[in-house]
Structures are given as structure tokens and as C-alpha cells.
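# Notes for the structure review
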Amino acid sequence: AVSRTRILATGGASHNKNILQVLSDVFNAPVYTIDTANSACLGSAYRAIHGLVAETNVSLADVVKLAPEPKLAVTPTTGAEEV
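All values reported here derive from a predicted model rather than from experimental measurement.

### Structural notes on a nonpolar patch on the surface
On the surface, Val-22, Val-26 and Phe-27 cluster together into a nonpolar patch covering about 320 Å² of accessible area. Structurally, Val-26 can be placed in helix α1 (residues 17-27).

Here's what the structure looks like:
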């Protein structure tokens with residue numbers, strides 16, 4: 001079975017490929033980044049949009065589809081899960 005797990009890294013550490021590689025190897029999952037300023041506020045901004053359109057029965061998942069597409073930064077190192 002193919003795992004659909006992925007990690008989305010934001011903030012300052014997301015610019016450090018070594019840190020991202022460790023995350024990828026430890027969790028055996030690809031790591032993606034979003035090139036967005038103030039990414040810590042991104043989640044609350046989408047929840048606010050969701051609240052504004054709540055009367056229209058739009059799901060949070062549909063609101064988040066408006067987010068910029070994350071970019072693949074690193075993938076797990078082959079054999080890392082054995083370490």
C-alpha cells in the first residue's frame with residue numbers, strides 16, 4: 001500500500017534542507033513547503049474565510065483548496081526507515 005502521509009513544513013526552519021531531510025527520514029514521508037510570508041497565520045486565515053462563508057455550507061476542505069500548492073522539498077532517504 002502506498003502511504004498518503006506527507007509533511008507540510010512552514011516557517012524559518014522550512015528553508016533548511018538538512019532539517020527537512022531529517023523530518024522526512026524520521027517520518028518516512030515526503031516534506032513539502034509553501035513559499036508564503038507569515039505562514040503561521042495561514043491556518044487561522046483560512047478558518048476566518050470558512051467562518052465568513054459558513055452560511056453557504058462550504059466545507060473547510062473546499063476553502064483550503066484555494067491555498068497555494070505546496071512544493072516538494074525532500075523525500076525520504078532510501079533505507080532510512082531501517083536506521
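### With respect to the environment of Ser-24
Assignment of secondary structure puts Ser-24 in helix α1. Among the residues examined, Ser-24 registers a relative accessible area of 0% and is labelled buried. Counting along the chain gives 18 residues from Ser-24 to Arg-6, while the straight-line C-alpha distance between them is 8.6 Å. In this view, Ser-24 contacts Ala-29, Pro-30, Val-31, Val-74, Thr-75 and Pro-76; residues no more than four positions away in its chain are not counted. A distance of 2.7 Å separates a polar atom in the side chain of Ser-24 from the backbone oxygen of Ala-29.

Cut-offs applied
- Residues numbered from 1 in each chain as written.
- Predicted model: local features only at pLDDT ≥ 70, side-chain atom pairs only at ≥ 80, totals over all residues.
- Heavy atoms only, no water.
- Patch = residues over 30% accessible without salt bridge, like charges linked within 9 Å, V, L, I, M, F, W, Y side chains within 5 Å.
- Areas by Shrake-Rupley, 256 points an atom, 1.4 Å probe, with all protein chains shown as cover.
- Salt bridge = Lys/Arg side-chain N within 4 Å of Asp/Glu carboxyl O.
- Helix = DSSP H or I, 4+ residues; strand = E, 2+ residues; numbered from the N terminus.
- Buried < 20%, exposed > 50% of the residue type's maximum accessible area, 1.4 Å probe, protein only.
- Contact = heavy atoms within 4.5 Å.
- Polar contact = N/O pair within 3.5 Å; in protein donor to acceptor, adjacent residues only side chain to side chain.

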